Amino acid sequence: MRLTECLRDEKEEILRLWMEAVYATYPFDAKGVLRTVSDPFGNPGADMTREAAHALYDAVMGEETTVDGVKGALERFVKLRAVQRDTPSRALGVFHLLKPIMRQRLLPHCTDSGELNGYLAAESRLDSLILLAFDMYMADRETLAESRVKEIRSQHAQLTKWAQAFKKSLLVAG
Amino acid sequence: MAKLPAPQELIASRPPFPGEHWLALKPEFSPGSFCYPAKPDTMERLHMPNPHEWDPAADDWGLPENWEKTLCDAFAERLEKHRSLKLFMDICVRCGACADKCHFFLGTNDPKNMPVLRAELLRSLYRRDHTMLGKLLGKTAGARGWDKSVVKELFYYAYQCTECRRCSLFCPYGIDTAEITMIVRELLHEVGLGTHWIMDPVKNCSFTGNHLGIQPHSFVEIVEMLADDCETVTGIRPKTPFNKKNAEILFITPSGDVFADPGIYTFMGYLLLFHQLDLDYTLSTYASEGGNFGSFTSFNMAKKLNAKMYAEAERLNAKWILGGECGHMWRVINQYMDTYNGPTPANMIPPTSPVTGTVFSNAASTKMVHIAEFTADLIYHNKLKLDPSRNDHIVTTFHDSCNPSRGMGLLDEPRYVLKAVCNNFVEMPENTIREQTFCCGAGSGLNTEEIMELRMRAGMPRGNALRHVQQKFGVNHMACVCAIDRATLPPLANYWAPGVTVSGLHELVANALVMTGEQKRTMDLRQEDLPGVEEDETDAQEGGE
Ligand code: SF4
Ligand code: SF4
């Protein structure tokens with residue numbers, strides 16, 4: 001089978017396997033809800049995973065896409081993982097889970113049809129995506145760190161203004 | 001030679017099949033997953049039981065010697081006192097309707113954050129001591145005994161519930177897991193376990209009235225500064241009446257709006273509105289906090305802190321109380337105040353708007369009116385001159401805060417006001433608003449920075465819906481009627497929907513309010529330039545030439 005055909009035929013199954021692999025990183029008893037509730041607002045975690053899965057697949061398989069486009073589609077998912085897992089590897093490692101699936105579902109066909117290079121190019125694109133995701137993850141973590149500082153400042157904003165005015169009045173008087 | 005693990009092995013958070021029953025898996029107290037504990041000094045001054053130094057990450061939490069008996073007795077006492085609690089323990093049929101309705105579960109995917117299982121943590125203890133089956137069959141009947149790890153688990157999950165009541169909306173029996181969480185927090189206090197972010201404000205409110213413990217004279221000065229800022233924007237310096245005897249109305253609002261950005265702009269909005277109406281009202285330096293941090297602690301503490309509202313209305317001889325935009329303050333007023341602190345002092349009468357003559361019969365008992373109702377009534381009777389085009393650079397949505405929406409049914413009044421002062425209003429998806437609203441993720445005393453990640457995952461369903469309307473309809477603003485939301489939503493929006501600003505309702509009201517004798521508005525209450533104003537002027541000049 002030609003690689004392009006094979007990519008099309010295998011898409012649903014590969015996406016399903018990858019999402020299963022992602023859900024498997026959550027506690028067992030939570031998996032049911034993640035898999036079965038499809039409302040995008042009632043079960044946003046699954047919706048984010050679905051959106052990321054499609055974007056990931058299309059980009060890896062070499063569909064026409066822009067960096068901004070794919071980043072936009074991965075954004076929610078990366079943000080979620082960035083606050084759900086305590087280390088970058090546990091947060092972003094889920095992207096690597098696509099590799100064994102690709103090797104299982106696509107590699108044999110590609111070897112048969114002599115399109116190994118095509119396959120390797122797809123894997124390389126996955127590596128690029130992981131690098132992109134890593135940048136996004138870091139930006140998200142930065143935002144969190146900034147939020148902490150900003151929040152402490154905001155909580156006392158008016159108090160600080162008052163204290164500064166008070167200090168000024170003391171200086172003037174003194 | 002050892003080999004590096006494959007990615008699958010590195011990232012797995014659990015073995016392929018769980019070896020243990022869900023109840024046996026214990027939470028990990030890693031930094032960021034828990035709030036800092038209350039200080040012994042704070043707890044001592046509040047006469048809380050067993051004040052002590054402890055660290056949630058440590059093995060030993062320094063429980064008192066007789067901790068188990070203390071907890072069992074305290075639980076039995078509460079079962080006796082609250083019939084609802086006993087009912088909630090007995091009637092859950094484990095239908096699972098609530099399971100995926102909690103934002104903590106949706107954000108963490110931790111099964112113990114499913115409301116049904118959160119409650120089961122306590123219910124399993126209940127079964128052992130209070131049900132025949134549990135006594136006879138023990139574990140087989142889902143019963144378990146207390147041990148120190150159970151105490152830790154209760155703490156972990158009682159502070160991963162914002163008492164938002166979303167789950168109860170979907171429960172066919174109306175089981176209110178929020179109330180179960182409240183009881184668990186009460187029980188934990190019996191052995192000296194509380195959090196700093198809640199207990200420090202409780203202490204401050206107990207001793208000085210407001211949550212930061214600002215002395216009365218300084219409090220007045222801070223409010224005066226806000227009045228100065230109002231003058232900069234409008235050319236009018238609003239009155240700031242404090243502790244005025246015989247004023248018709250006592251105004252009480254969360255003190256967060258006096259201290260914190262962006263709440264201060266909402267407070268400025270109140271000052272300007274009341275000034276324009278020439279309202280006979282007063283602020284108080286004693287009842288200077290509407291928010292009730294006691295309600296995150298125990299029923300008794302909530303009652304104690306709430307008492308100052310009526311005490312002050314009596315002292316100042318006010319006829320009724322107008323309450324500002326707050327969440328849990330209104331939950332307490334609407335659900336508990338009558339029982340806690342009623343009946344009202346004899347000098348109070350059923351609230352009547354001095355401007356429109358409307359009698360707020362819904363507040364006949366507590367004699368407290370929500371400012372959104374008050375303002376909606378003004379607008380309905382055409383008593384305010386408004387120029388909503390001043391808010392035209394805003395495309396706003398409205399976040400129903402859990403307490404006003406599910407705790408008191410305040411759904412339409414804020415929207416009515418918002419639509420009158422903003423021309424561009426967009427609702428978020430239906431299953432994320434009104435009664436079904438998703439929590440900000442940090443209510444009930446959880447908006448502390450040490451658990452920022454936890455807040456972002458708990459707030460994810462809200463953030464996600466906001467992001468949706470931002471991308472689809474260009475929403476760039478979110479209004480709300482809760483002081484805690486004004487603190488928790490900015491970081492949430494900044495994470496999930498960067499570019500969306502957050503404000504209270506009355507900030508937008510005052511921006512649109514055309515006041516008698518005001519100067520031409522060139523900026524909003526935040527002193528940010530109003531888009532289009534300068535160009536208009538240039539146009540006008542050019543036109544005049
Ligand atoms: S009250 Fe809210 S936070 Fe608590 S269990 Fe129910 S849905 Fe979750
Ligand atoms: S919806 Fe009510 S009865 Fe059903 S599992 Fe939840 S708490 Fe129990």
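Note that the structure is a prediction, hence the values are computed from the model and not measured. (Residues numbered from 1 in each chain as written. Chains lettered and ligands numbered in written order. Predicted model: local features only at pLDDT ≥ 70, side-chain atom pairs only at ≥ 80, totals over all residues. Heavy atoms only, no water.)

### What about the site of ligand 2?
Residue and element names in this part refer to chain B. In the region of ligand 2, the neighbouring residues are C92, V93, R94, C95, G96, A97, C98, V116, C171, P172, Y173 and I175. The site holding ligand 2 turns out to be the second largest cavity. For the shell around ligand 2, the per-class residue count stands at 10 nonpolar, one polar and one charged. (Near = heavy atom within 4 Å. 1 Å grid on protein atoms, 1.4 Å probe; cavity = no way out; pocket = protein on both sides within 12 Å on 5 of 7 lines; lining within 4 Å. Sits in = over half its atoms within 2 Å of the grid points. Nonpolar A, V, L, I, M, F, W, Y, C, P; charged D, E, K, R; others polar.)

### So, the layout of surface pockets
Picture a little ball the size of a water molecule; that probe, rolled over the atoms, points out where space is still empty. Taken as a whole, the second largest pocket encloses approximately 580 Å³ of empty space. Forming the boundary of the second largest pocket are 32 residues, of which Q155 of chain A together with W197, P201, H211 and L212 of chain B lie nearest the centre. Those elements that provide at least two residues to the lining of the second largest pocket are α8 (116-155) of chain A together with α11 (196-208), α13 (256-259) and α22 (483-496) of chain B. (Points joined across faces, edges and corners; volume = space filled by probe spheres on them. Helix = DSSP H or I, 4+ residues; strand = E, 2+ residues; numbered from the N terminus.)

### What to know about the domain arrangement of chain B
All names here are of chain B. Splitting chain B by domain gives domain 1 (28-194) and domain 2 (202-512). Between domain 1 and domain 2, the contact holds 34 residues from the first and 37 residues from the second. Buried surface at the junction of domain 1 and domain 2, summed over both partners, amounts to about 3,100 Å²; 62% is from carbon and sulfur atoms. By the criterion of area lost to domain 2, the three top residues of domain 1 are L46, R165 and R166, representing 19% of everything that side buries. Counting across the interface, domain 1 meets domain 2 through zero salt bridges. Counting across the domain 1 and domain 2 interface gives 11 residue pairs in polar contact (both at pLDDT 80 or more). Classifying every residue of the side of domain 1 that touches domain 2 gives 15 nonpolar, 10 polar and nine charged. (Domains from an automatic or database assignment. Contact = heavy atoms within 4.5 Å. Buried area = accessible area lost by both parts, 1.4 Å probe. Salt bridge = Lys/Arg side-chain N within 4 Å of Asp/Glu carboxyl O. Polar contact = N/O pair within 3.5 Å; in protein donor to acceptor, adjacent residues only side chain to side chain.)

### Things to note about the packing of helix α14 (residues 263-277) of chain B against helix α23 (residues 505-512) of chain B
Residue and element names in this part refer to chain B. Running from N to C, α14 and α23 point in directions that differ by 50°, and their axes come no closer than 7 Å. Regarding the angle of α14 to α23, the classification is oblique. Of the two possible hands of crossing, α14 and α23 adopt the one that is left-handed. Two secondary-structure elements touch here, α14 through Y265, T266, G269, Y270, L272 and L273 and α23 through H506, E507 and A510. (Axes fitted to C-alpha atoms, helices over the stretch in contact; angles between N-to-C directions. Parallel < 35°, antiparallel > 145°, perpendicular 65-115°, else oblique. Left-handed = near helix turned anticlockwise from the far one by under 90°.)

### A look at empty space enclosed by the protein
Residue and element names in this part refer to chain B. Evaluated as defined, the whole model comprises seven cavities of 30 Å³ or more. Roughly 260 Å³ of internal volume is contained in the largest cavity. Forming the boundary of the largest cavity are 26 residues, of which F296, H328, R331, N403 and S444 lie nearest the centre. In terms of residue count, helix α16 (residues 328-341) provides more of the lining of the largest cavity than any other element does, five residues in total. Taken together, the residues of the lining of the largest cavity sort by class into 12 nonpolar, 10 polar and four charged. For the lining of the largest cavity, the domains that each give at least three residues are domain 1 (28-194) and domain 2 (202-512). Estimated volume of the second largest cavity: approximately 140 Å³. Taken together, 17 residues make up the lining of the second largest cavity; nearest its centre are C92, C98, V116, C171 and I175.

### Regarding the pairing of strand β6 (residues 477-480) of chain B
Residues and elements named next belong to chain B. A two-sided burial pattern is seen for β6, the buried positions comprising H477 and A479 on one face and M478 and C480 on the other. In this structure, strand β5 (residues 396-399) lies alongside β6, joined through four bridges in parallel fashion. Residue pairing across strands places T397 opposite M478, the latter belonging to β6. Pairing of β6 with strand β7 (residues 501-504), which is carried by four bridges, proceeds in the parallel orientation. (Buried < 20%, exposed > 50% of the residue type's maximum accessible area, 1.4 Å probe, protein only. Pairing = 2+ DSSP bridges.)

### Re the sheet that holds strand β4 (residues 368-370) of chain B
Residues and elements named next belong to chain B. Read from one edge of the open sheet, four strands run β2-β1-β3-β4, paired in parallel fashion. Two strands close off the open sheet at either side, each with one partner strand: β2 (281-282) and β4. Two strands pair when backbone bridges link them, and strand β1 (residues 249-252) and strand β3 (residues 320-323) are joined in this way by four bridges, in the parallel orientation. Each residue of the ladder has a partner; that of I249, found in β3, is W320. Strands β1, β2, β3 and β4 of the sheet are contacted by helix α15 (residues 299-316), whose axis makes an angle of about 150° with β1. On the sheet, α16 packs against β1, β3 and β4 and is oriented at approximately 140° with respect to β4.

### Observations regarding the interface of chain A and chain B
Of the residues lining the interface, 53 residues belong to chain A; the matching set on chain B comes to 56 residues. Both faces combined, the contact of chain A with chain B buries some 4,800 Å², and carbon together with sulfur accounts for 61% of it. Summed over the three residues of chain A that lose the most area to chain B, namely F41, Q158 and W162 of chain A, the buried surface amounts to 16% of that side. At the junction of chain A and chain B, the tally comes to four salt bridges.

### Focus on the site of ligand 1
Residue and element names in this part refer to chain B. In the vicinity of ligand 1, the contacting residues are C102, H103, P115, R118, C161, T162, E163, C164, R165, C167, T177 and A178. Of all the secondary structure elements, the ones that give two or more residues to the shell around ligand 1 are α6 (115-130) and α10 (177-190). Partitioned by chemical class, the residues of the shell around ligand 1 number six nonpolar, three polar and three charged.

### Here's the deal with the side chain of E373 of chain B
Residue and element names in this part refer to chain B. For E373, the position within the fold is in helix α17 (residues 371-380). R434 is the oppositely charged side chain nearest to the buried, salt-bridge-free E373, at an N-O distance of 13 Å. Among the polar contacts made by the side chain of E373, one reaches the side chain of N362 at a distance of 2.8 Å. The contacts of E373, once residues within four sequence positions are left out, are F360, N362, L410 and E413. (Lys, Arg positive; Asp, Glu negative; His and termini not counted.)

### Quick notes on the pattern of salt bridges
Taken as a whole and judged by the stated rule, the model has 44 salt bridges over all chains. The partner of R128 of chain B in a salt bridge is E68 of chain B, with the nearest N and O atoms 3.8 Å apart. Here the residue R128 of chain B occupies a position in helix α6, and E68 of chain B occupies one in helix α3 (residues 67-81), the gap between them amounting to 60 residues. The class for E68 of chain B is partly exposed, based on a relative accessible area of 30%. One salt-bridge network, held together by shared partners, links D47, R50, E51 and R76 of chain A.

### Here's the deal with the confidence of the model for chain B
Of all residues in chain B, 96% attain a pLDDT of 70 or more, and the chain-wide mean is 93. Interface scoring of the predicted complex returns ipTM 0.94; its pTM is 0.94. (pLDDT = per-residue confidence, 0-100.)

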